[in-house]
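Understanding the architecture of this molecule
Next come the chains, spelled out residue by residue.
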There are 2 protein chains.
Amino acid sequence: MNDRNRLIYLPLGGAGEIGMNCYVYGYGTQGAERLIVVDTGVAFPDMDGQPGVDLILPDIDWLADRADRIEAIFITHAHEDHVGALGHLWPRLKAPVYCRRFTAIHAMRKLEETGQDPAEVRVVEPYPAVVEAGPFRVQFAPVSHSIPESSALVIDTPEGRVVHSGDFKIDHEPVVGEPFDEELFRDIANGGVRAVICDSTNIFSRHEGRSESQLPDPIGKLIAGAKGMVVATTFASNVARLKTLADAGVANGRSICLLGRAMKRMVTAAVEAGVLTDFPRTLSPEEATEIPRENLMLIVTGSQGERRAASAALSRGSYLGHELKEGDLFLFSSKTIPGNEVGVARIQNALAEKGVLIVDDTAGFYHVSGHANRPDLEALHDLLRPQIVVPNHGEYRHLAEHVRLALSKGMTGIVAANGSMVELSGNAPQVVEHIEVGKTYLDGSALIGAFDGVIRDRMKLALNGIVVVALIVDEEDEILEDAWVALRGLPEVGATGGDLAQMIEEELAQTLPRLPAKTIDDDDKLEDAVRRVVRETCMSEIGKKPEVTVLISRLMAE
Amino acid sequence: MNDRNRLIYLPLGGAGEIGMNCYVYGYGTQGAERLIVVDTGVAFPDMDGQPGVDLILPDIDWLADRADRIEAIFITHAHEDHVGALGHLWPRLKAPVYCRRFTAIHAMRKLEETGQDPAEVRVVEPYPAVVEAGPFRVQFAPVSHSIPESSALVIDTPEGRVVHSGDFKIDHEPVVGEPFDEELFRDIANGGVRAVICDSTNIFSRHEGRSESQLPDPIGKLIAGAKGMVVATTFASNVARLKTLADAGVANGRSICLLGRAMKRMVTAAVEAGVLTDFPRTLSPEEATEIPRENLMLIVTGSQGERRAASAALSRGSYLGHELKEGDLFLFSSKTIPGNEVGVARIQNALAEKGVLIVDDTAGFYHVSGHANRPDLEALHDLLRPQIVVPNHGEYRHLAEHVRLALSKGMTGIVAANGSMVELSGNAPQVVEHIEVGKTYLDGSALIGAFDGVIRDRMKLALNGIVVVALIVDEEDEILEDAWVALRGLPEVGATGGDLAQMIEEELAQTLPRLPAKTIDDDDKLEDAVRRVVRETCMSEIGKKPEVTVLISRLMAE
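Residues numbered from 1 in each chain as written. Chains lettered and ligands numbered in written order. Predicted model: local features only at pLDDT ≥ 70, side-chain atom pairs only at ≥ 80, totals over all residues. Heavy atoms only, no water.

**Digging into the overall build of chain A**
Just so we agree on the cut-off: Working definition: helices are DSSP H or I runs of at least four residues, strands are E runs of at least two. Numbering for both runs from the N terminus. With a 1.4 Å probe rolled over the protein chains alone, any residue whose accessible area is under 20% of its type maximum counts as buried; one over 50% counts as exposed, and the rest are partly exposed. Note on contacts: a residue pair is in contact if any heavy atoms of the two residues lie within 4.5 Å. Note on areas: Shrake-Rupley, 1.4 Å probe, and residue coverage restricted to the protein chains presented here.
When helices and strands are tallied, chain A shows 17 helices and 27 strands. C-alpha atoms of chain A, sized along the principal axes, occupy 85 × 75 × 45 Å. Counting across all 558 residues of chain A, residues that qualify as buried make up 61%. Residue pairs in contact within chain A that sit at least 24 positions apart in sequence constitute 70% of those at least 6 positions apart. Just so you have it, chain A exposes about 21400 Å², and 47% of that area is on carbon and sulfur atoms.

See the structure below:
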């Protein structure tokens, strides 16, 4: 143990991946640091890695073991990858949650949905208002991003000022919400900044960031030229884009209808929080069916190809009384997140089959990113002039490149992936401890660890199919009758033309009676023997070794 | 029936998707057309859609039913999505296979690997050499693409000339292989072209295509600046790129070593076919370990993130004596195919963790596409001036956009997705029949239909996990003992803290004895009753309804 106070930073999610942001700061003597948590985000599962899983949550075992030392939870903004896990994690953290008004509406809903008290969420005014949290003084500094009221956190500690950028971009005219205020950041930099923990998602985008305010013109022209119905999709949470789209529709003589629950919820929350004051009047889906298609614009959810969202529903057929047809225009005012390409293409192809003209940002200037590109990251570094840059929110390659950038500009930088505890208070930042962090899967109502083997087992089932065998062993340790076999996810017929299950049953009927008593006695040995027969038969009949589950029923002497 | 002769075109794969190219042309009276097949390609499965499947093959039931009418099979080039299914499909087609020399090496191997006679493959000289195939006269017109000896097919029929573009780009200096020869295509256009069946993959790329010959300069500069080992990856079949990379390495004082079986096979085939004459001397992986890393360049497989390829192996650790480290350079001289982004990022992140500098075509000009971009498609249209454009090789959105382009330029165009039989000989092209075509999955050694339910079943297992229940019903139709339960892919412990399998067993022990005799008598009813108990218990304990397999063992009176 060491009596010296230290300032630590520990990412539990979001560093080494995009999404699932969750970071910890601590100050105090080693092992007795007082802690604050920044963001409690989720990541979204896919069939390739987490089949059947509903949500991916940060593994907070380390934090939960130290829950008594947590002063507060801060949420930078209302994106799911920053707030989505709050309801699931809060019962293990039990600390007050601080965020700004619009974010609070979402944070409260997260608590309510999981049966907790929304009053744990406290609304904070922006910089220069201060939240005192143990040794930390925290201020919410407005930044521009793709959702209202995004904030960087200015975290004052006895070891100096840390700026946690959160997700941000530099946009001086963001259409909705606060512009990026360089004066404010110069003010923050006064007196020196020890470290910036900085968004890295767009480090590989080399051109300067573009402003939301550049979009109305090209989008307006596109709509003006449309003959049939116009449909536009973007992220539901991108309230500024919703406004850009709706305004462009109205300016071109179209009535606006929002489709998709998430979208309506976001607009309502933005109005409620006072960040959206002049959104055009919208029609209900039913009212909208009365409008001639050349005067209608739908703004819909599902820009990432989500199967249950409005875009997918419209691509499949009629949805809430609306059906697309030849001559309609469908605008993807969005960027496809890596991994979602196939889902987005599925929708675009289905729309193309209907004769709908699809336009996305490869065809023109219809989208701007919400994250800082490389030149804008440099601009933030230049504004804050920190001693240390610790990149966060990015895959490893993003973090490494961001450190390379920081070093090239004479700052100190360090790559800290999830679980790397960095001391920020020494002479140079260094990793002082590696915490084992995995991920937690919400699967139905169960929370399971990524390394528990459950999901690996499911993937094996998907790759190999399964053969189930039931055996009865009687009171004298004789195998009674023949084994029963069932298949799932395997072809019914083998190469020799026979019924595969029946062939396995026949092989077992040949083999099992010849097994020695000590094999039949022993569940493990008997299972192995059965498994071997099943796999050999399958290998020769279908060229595949399936998973095998053996159920041995041992009859008891009565 | 109709006695009139007609010319038909029928895509069985590749139209409505990228990959799995397989097209049929026919000429004769309806139902008695003589047929030729162009390409027999595969597509690659993914976890998201076809877990456990080895390859996706075209569904050729329609063709196989008419095998006696097939005059010949033509292979345009040696990419897997054009030749990969040959060995699997040939036994049902049994027609001579025509292709050029380099392609033939691969086609013969495909036949050999599946136990067939490679002598079915006949090597054809390029245009103006002619293959007579029933009513068709076919010539191989060299085009530039990303593999040597790619060819368009000039197909003369009694109804006029059809040009099947195959995969192509317009490159006047392709480094290896034949440049695109505009004079040749003007010659082909003399006398008129009835229809062009035309590559559509890059219809949405609006800039002009770029030449392979533009790459040596930027790649050379990149290598010149590298301090450690240089590794470059690209498609193994892109022989020109292999040469570009190797030449750039040698020019900068590096010895070359190829890693990955496919790559060595491609270079060997290219040398054997005489299309590659001056490839630099390469070292074996073992010899290469003797070379100082600053003088070595590895050219490796796995540019698409394939888990078993050399790139992935190097990202994980040491491979054949080579290990990457801080200061090495890894060049992706490739484009990531949609759907492969996550796999590629996985490798890049693992390399970044080793401190390797990763460079891809977002960082500079290190790759050119092998397909014609929109301006180059227009150039081909302009050269050939066909009456009809039928887009192929593309998803539906590509085909639709390509038709839109053709119409805008005064040609006739028609979208024909897999299964759409188009008559090319009438006044205007039209779809005359819809053939039911699915896909065939090679799964182990079994061929299964995409709609057989086997794969859907596997996906359900992956999403939901499975509970297996074994029951014994005795001679008097009484349920004997308690049911046995096993879980796969599900959490072992439920919300109430108990063992999930045991809880299901207990629920069944409560419920089953109370079932009426007529339920116990009937396998289906008994299974339903068991399934209901299992699902209800799981829903309340883990919030999930699993797949359920019930094995009922009915003891016979002896």
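Picking up where we left off.
**Structural notes on the environment of R385 of chain B**
Residues and elements named next belong to chain B. Within the fold, R385 resides in the loop between helix 12 (374–384) and strand 19 (386–392). The class for R385 is exposed, based on a relative accessible area of 55%. Put simply, R385 and V193 are 192 residues apart on the chain and 6.7 Å apart in space, counted from C-alpha to C-alpha.

**Let's talk about the interface of chain A and chain B**
Quick note on the threshold: Summed over both partners, the accessible area lost on bringing two parts together, with a 1.4 Å probe, is the buried area. Whenever a carboxyl oxygen of Asp or Glu lies within 4 Å of a side-chain nitrogen of Lys or Arg, that contact is scored as a salt bridge. By the criterion applied in these results, polar contacts are pairs of N or O atoms within 3.5 Å in which, for protein atoms, one can donate a hydrogen and the other can accept it, and in which residues neighboring in sequence qualify only through two side-chain atoms.
Listed as interface residues are 65 residues of chain A and, on the opposing side, 65 residues of chain B. The junction of chain A with chain B conceals about 5600 Å² of combined surface from both sides, 60% of it contributed by carbon and sulfur atoms. Linking chain A with chain B are 6 salt bridges, by the criterion used here. The salt bridge partner of D457 of chain A is R488 of chain B, with a shortest N-O separation of 3.0 Å. Taken together, the connections running from chain A to chain B amount to 28 residue pairs in polar contact (both at pLDDT 80 or more). Ranked by the residues each element gives to the side of chain A that touches chain B, the list is headed by helix 11 (residues 341–353) of chain A, at 8 residues.

**Digging into a negative patch on the surface**
Note the cut-off: Like charges within 9 Å and nonpolar side chains (Val, Leu, Ile, Met, Phe, Trp, Tyr) within 5 Å are joined into patches, using only residues over 30% in relative accessible area that form no salt bridge. Note that His is not counted, nor are the chain ends; the positive residues are Lys and Arg, and the negative ones are Asp and Glu. Lys charges are placed at NZ, Arg charges at CZ, Asp charges at CG and Glu charges at CD.
A cluster of acidic residues, D452 of chain A together with E492, D499, E506, E507 and E536 of chain B, forms a negative patch at the surface. With respect to the helices and strands, E506 of chain B occurs in helix 15 (residues 500–511).

**Thoughts on helix 14 (residues 454–464) of chain B**
All names here are of chain B. Let me state the cut-off plainly: It is the directions from the helix axis to the C-beta atoms whose arc is reported.
Buried within helix 14 are the following residues: V454, I455, D457, R458, L461 and A462. For helix 14, the arc enclosing every buried residue in end-on projection is 155°, short of the 170-degree limit, so these residues lie on one face. A positive phi of about 70° marks G465, the residue just after helix 14.

**So, the relation of the copies chain A and chain B**
Going by this rule: Least squares is used to superpose the copies, and the fit set is the C-alpha atoms of residues whose pLDDT is at least 70 in both copies.
It takes a turn of 180° to lay chain A on chain B, together with a shift of 0.0 Å along the axis; the resulting RMSD is 0.1 Å. Expressed as an axis order, the relation between the two copies is that of a two-fold axis. In this assembly, 100% of the residues forming the interface of chain A have copies in chain B that are likewise at the interface, indicating an isologous arrangement.

**Focus: the domain arrangement of chain A**
Many analyses report the size of an interface as the accessible area lost when the parts associate. Residues and elements named next belong to chain A. As a reminder of what qualifies: For the purposes of this description, domain bounds are those given by an automatic or database domain assignment. Under the scheme applied, nonpolar residues are Ala, Val, Leu, Ile, Met, Phe, Trp, Tyr, Cys and Pro; charged residues are Asp, Glu, Lys and Arg; polar residues are all the others, including Gly.
Here chain A is partitioned into domain 1 (5–207 + 369–449), domain 2 (220–363) and domain 3 (465–554). With 13 residues of domain 1 at the contact, the number on the domain 2 side is 14 residues. Of the roughly 1100 Å² buried between domain 1 and domain 2, counting both surfaces, carbon and sulfur atoms make up 72%. For the domain 1 face of the interface with domain 2, the top three residues by lost area are F102, I105 and V176, together amounting to 37%. At the junction of domain 1 and domain 2, the tally comes to 1 residue pair in polar contact (both at pLDDT 80 or more). Classifying every residue of the side of domain 1 that touches domain 2 by side-chain character gives 7 nonpolar, 3 polar and 3 charged.

**Remarks on the packing of aromatic side chains**
All names here are of chain A. Threshold: Whether two aromatic rings pair depends on their centres lying within 6.5 Å, for rings of Phe, Tyr and Trp, where Trp uses its six-membered ring; planes under 30 degrees apart make the pair stacked, over 60 edge-to-face, and the rest tilted.
Counting across every chain of the model gives 14 aromatic pairs over all chains. For the ring pair Y9 and Y25, a centre distance of 5.4 Å and an interplane angle of 45° mean the geometry is tilted. Of this pair, Y9 sits in strand 1 (residues 5–13) while Y25 is found in strand 2 (residues 22–29), placing the two residues 16 residues apart along the sequence. Each residue in the set Y9, Y23 and Y25 is aromatic and connected to the rest through ring pairs, giving one cluster.

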